[in-house]
Amino acid sequence: FWLKRVAMASLPLAQRVEMAAAAGKRWLALADEDAMLTAWPDLLETFGADAIGAWRQTARQKNAVVHLLTQHGKVRVLERVAGDGLSLDVQRKDGCTCLHLASWKESYDLVRLLRELGASEDIRNEYGELPLQTLEAPGKPARARFICCRSVDSLLMAALPELERFDVTDFS
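Residues numbered from 1 in each chain as written. Predicted model: local features only at pLDDT ≥ 70, side-chain atom pairs only at ≥ 80, totals over all residues. Heavy atoms only, no water.

Caption draft 1: Geometry of the overall build of the chain. Each helix and strand in the chain was counted, giving 10 helices and 0 strands. Reading the helices (α) and strands (β) of the chain from amino to carboxyl end gives α-α-α-α-α-α-α-α-α-α. Carbon and sulfur atoms form 57% of the exposed surface of the chain, whose accessible area is close to 9,900 Å². (Helix = DSSP H or I, 4+ residues; strand = E, 2+ residues; numbered from the N terminus. Areas by Shrake-Rupley, 256 points an atom, 1.4 Å probe, with all protein chains shown as cover.)

Shown next as structure tokens:
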């Protein structure tokens, strides 16, 4: 077992990525977060964070592991893999990061966590949007804009367009 890991580490990155893909797909198929967390250290030690982080899904958007964890709301697993070196700022084919995806899905707790973990708010996707701007997309509820606020001033600025919709006479 130990020799297998040493041999794996000596392989070129491209070959380790290819080998990590099959194991990663099985790992991602685990429905239970506890099972994923239990299996993660062995996957990490066998293939390395660089190979796991470089793997992309073959589907249209070329999702990385962190994108799939974000889309499926695997909060504890996402926190663990980020702590072990997988980047939250990796972009899919359309330029979206984990923070773009969590914002678009209105997963407010996940948005907060990603921001706490240091996910970049400065990366634009191919539509020119910053992650938190996806919260302002047409059809998103007004509360979505408030998640971006970091101060009372920014909260008031976000609330102003909503408050301006009311006529003072409505409250007389």
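Caption draft 2: Structural detail: the packing of helix H6 (residues 75-83) against helix H8 (residues 108-116). At a closest axis distance of 11 Å, the pairing of H6 and H8 adopts a crossing angle of 10 degrees. Considering their axes alone, H6 and H8 lie roughly parallel with respect to each other. Facing Val75, Leu78 and Glu79 of H6, the residues of H8 in contact are Leu110, Leu113 and Leu114. (Axes fitted to C-alpha atoms, helices over the stretch in contact; angles between N-to-C directions. Parallel < 35°, antiparallel > 145°, perpendicular 65-115°, else oblique. Contact = heavy atoms within 4.5 Å.)

Caption draft 3: Region of interest: the environment of Ala51. With respect to the element layout, Ala51 can be found in helix H4 (residues 49-54). A C-alpha to C-alpha distance of 5.8 Å links Ala51 and Arg16, two positions 35 residues apart in sequence. Residues in contact with Ala51, not counting those within four places in the same chain, are Leu13, Arg16 and Val17.

Caption draft 4: View of the nonpolar core. In this structure, Trp27, Val66, Val81 and Leu114 are the most contacted members of the largest nonpolar core, which totals 38 residues. The set of elements that each furnish at least two residues to this core consists of helix H2 (13-28), helix H3 (33-47), H4, helix H5 (65-71), H6, helix H7 (98-104) and H8. Per element, the largest residue contribution to this core is 6 residues, and it comes from H3. Residues contacting Leu114, with those up to four places away along its chain left out, are Leu78, Leu88, Cys98, Leu99, Ala102 and Ala119. (Core = buried A, V, L, I, M, F, W, Y, C linked by side-chain atoms within 4.5 Å. Buried < 20%, exposed > 50% of the residue type's maximum accessible area, 1.4 Å probe, protein only.)

Caption draft 5: Quick peek at the packing of H2 against H3. Two elements in contact, H2 and H3, have axes whose closest approach is 11 Å; the angle formed by their N-to-C orientations is 175 degrees. Classified by the angle between their axes, H2 and H3 sit roughly antiparallel to one another. Residues Arg16, Met19, Ala20, Ala23, Gly24, Trp27 and Leu28 of H2 form the contact with H3, whose participating residues are Met36, Ala39, Trp40, Leu43 and Phe47. Across the contact of H2 with H3, the residue classes tally to 10 nonpolar, 1 polar and 1 charged. (Nonpolar A, V, L, I, M, F, W, Y, C, P; charged D, E, K, R; others polar.)

Caption draft 6: Inspection of the environment of Thr134 at higher detail. Its place among the elements puts Thr134 in the loop between H8 and helix H9 (142-146). Given a relative accessible area of 2%, Thr134 falls into the buried group.

Caption draft 7: A look at the pattern of salt bridges. By the definition in use, this model includes 6 salt bridges. As a salt-bridge pair, Asp34 and Arg76 come within 2.8 Å of each other at their nearest N and O atoms. On the criterion of sequence distance, the pair formed by Asp34 in helix H3 and Arg76 in helix H6 is long-range, its members being 42 residues apart. When its relative accessible area of 41% is taken as the criterion, Asp34 is described as partly exposed. For Arg80, the salt bridge is made with Asp84, and the minimal N-O distance between the two is 2.9 Å. Take Arg80: its relative accessible area is 34%, and that puts it in the partly exposed class. Residue classification places Asp84 among the partly exposed positions, given a relative accessible area of 27%. (Salt bridge = Lys/Arg side-chain N within 4 Å of Asp/Glu carboxyl O.)

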